[in-house]
Amino acid sequence: MKLTTYNLNGIRARLPRFLEWLERERPDIVCLQELKCATELLPTADVEALGYQGVWHGQKGFNGVAILARGEQPQLRREGLPGDPDDTHSRYIEAEVAGLIVASIYLPNGNPVGTEKFDYKIRWMERLREHSDTLLREERPVVLAGDWNVVPEDRDVFSIGATAHDAVTQPATRDQWRRLANGGWTDALRAFHPEDPKLYTFWDYTAGCWQRDLGFRLDHLLCSPEAADRLRGAGVDRWARGEEKASDHAPTWIELA
DNA sequence: ATGTCAATTTTAAATTGA
C-alpha cells in the first residue's frame, strides 16, 4: 500500500497537474495540504471521478488539508488540533482508513522569526506533540504525514547559511521536532535514504532553485512503531516538481506492507 | 530582500502568505 503526502499550493490552480499525477501514480492514500480553497468550492467531483473518496477541511484563501483514499471512504476522526479553541486555521485532519490512523498536517511556516507567526508555530508544535503522544498510546499503526515546515538537520537543506534566518531551520523549531519524533516516531523518508545528501521535497520558485537543485526537506511521514514495522519503502516523486505549473513541493510517499 | 506564485480585495494593481 502506498501513502503519499502532497502540498499542492492551491488545488484549483493545480487541478490538471494534480489529476495527471493521481492517475499516473495511483497511490492508495493521499494527504493534501495548502488547498487554498473554501470547502464548498473544492473540486471533489474530479477526484471522485478517478475513484477516490475523501475527508476535506478547506479554508478560503489559504491553508486547507484533506485525506483521500482509492475505493474507500476515510472515516473522519478529527478536524483541527486540540489545545486551542481560538485556532481557526485549517491545518489538521485525521481519519481512519485501511486499518490505519492517518493525519494530514500543514504545520505553520512561522516566518518571519521573532514575530507572532513564529510563536504560533512553536505553540502549534507543542500541541501537535501532546496529541501525537495520545496517538502513540493507542498502540496502532499511525502515520503523521504532511508539510511540517521543519528542516530536521543541516543536511536536509541546500545551504544552512543561506537559510539561517528561516523559521524552518531555527533551533527552537528543531527542538520541537526532536522532542516529538523522539517520543517513538520513525522519520520514514530518512530511514530509507540514510546517506542521500540531496533528499529534498521542496524547491523555492525564486532564483532558479529547482533548476539548480537547491531544495529543502520539509514534507515528512512519521510512523508509529506499529506502522514502522510495516514500512517497505519511501521516496519522492521528483518528476512532478518539474512539470509546467507545478507546486513548489513534490509528492512524498511511503510503501506499507 | 528575492531571478516567484496563488488567492483575494482595495478588483486590473496592491496585499497577504507563503
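Small disclaimer: the values here were computed from a predicted structure and weren't measured.

Reading the values: rules and limits
- Residues numbered from 1 in each chain as written.
- Chains lettered and ligands numbered in written order.
- Predicted model: local features only at pLDDT ≥ 70, side-chain atom pairs only at ≥ 80, totals over all residues.
- Heavy atoms only, no water.
- Helix = DSSP H or I, 4+ residues; strand = E, 2+ residues; numbered from the N terminus.
- Rg over C-alpha atoms; globule rule 2.2 N^0.38 Å.
- Buried < 20%, exposed > 50% of the residue type's maximum accessible area, 1.4 Å probe, protein only.
- Contact = heavy atoms within 4.5 Å.
- Areas by Shrake-Rupley, 256 points an atom, 1.4 Å probe, with all protein chains shown as cover.
- Lys, Arg positive; Asp, Glu negative; His and termini not counted.
- Charge placed at Lys NZ, Arg CZ, Asp CG, Glu CD.
- Near = heavy atom within 4 Å.
- Polar contact = N/O pair within 3.5 Å; in protein donor to acceptor, adjacent residues only side chain to side chain.
- Core = buried A, V, L, I, M, F, W, Y, C linked by side-chain atoms within 4.5 Å.
- Disulfide = S-S within 2.5 Å.
- UniProt positions renumbered as here; feature names shortened; annotations may be inferred.
- Salt bridge = Lys/Arg side-chain N within 4 Å of Asp/Glu carboxyl O.

1. What about the overall build of chain A?
Counting its regular elements, chain A contains 7 helices and 14 strands. Expected size for 257 residues packed as a compact globule is a radius of gyration near 18 Å; at 17 Å, chain A falls within 12% of this value. With the principal axes as the frame, chain A shows a C-alpha extent of 45 × 45 × 40 Å. Expressed as a percentage of its 257 residues, the buried residues of chain A come to 56%. The contacts of chain A with a sequence gap of at least 6 include a subset with a gap of at least 24, amounting to 69%. For chain A, the accessible surface area stands at approximately 10,600 Å², while carbon and sulfur atoms represent 48% of it. Here chain A contributes 32 positive and 41 negative side-chain charges, whose respective centroids are spaced 2 Å apart.

2. Notes on the protein's contact with DNA strand B
Around DNA strand B lies a shell of 17 residues, among which R14, E34, N109, Y205 and K245 are the nearest. Per the 4 Å cut-off to the protein, sugar and phosphate atoms form 88% of the nearby atoms of DNA strand B. Y106 is positioned such that a nitrogen or oxygen atom in its side chain is 3.3 Å from a sugar or linking oxygen of DNA strand B. With 3 residues, helix 1 (residues 11–25) is the largest single contributor of residues to the surface near DNA strand B.

3. Description of the nonpolar core
Core analysis: the largest hydrophobic core is formed by 25 residues, its most contacted members being L3, I29, I67, V102, V143, C223 and I254. Dropping the residues within four chain positions of it, V143 is found in contact with L3, I101, V102, A103, L221, L222, C223, A227, I254 and L256. L81, I105, W124 and L222 belong to the second largest nonpolar core, which has 21 residues in total.

4. Quick notes on the state of the cysteines
Scanning all chains against the criterion turns up 0 disulfides. The thiol of C31 is unpaired, and the distance to the nearest cysteine sulfur, on C223, comes to 11 Å. Note on C31: relative accessible area 0%, which makes it buried. For the unlinked cysteine C37, the closest cysteine sulfur is that of C31, found at 18 Å. A relative accessible area of 0% means that C37 is categorised as buried.

5. Overview of the UniProt feature "site: Important for catalytic activity" (unreviewed entry) in chain A
UniProt's entry tags D219 with the feature "site: Important for catalytic activity" (unreviewed entry), counted in the numbering of this structure. Its place among the elements puts D219 in strand 12 (residues 219–223). Ignoring anything within four residues of it in the chain, the contact list for D219 reads T5, N7, G146, D147, T201, H249 and T252. In this structure the side chain of D219 is engaged in a polar contact, spanning 2.6 Å, whose partner is the side chain of T201.

6. Quick word on the pattern of salt bridges
Inspection of every chain in the model, using the stated rule, returns 15 salt bridges. As a salt-bridge pair, R17 and E20 come within 2.8 Å of each other at their nearest N and O atoms. Here R17 pairs with E20, and both are found in helix 1, just 3 residues apart, close to one helical turn. With relative accessibility at 25%, the residue R17 sits in the partly exposed group.

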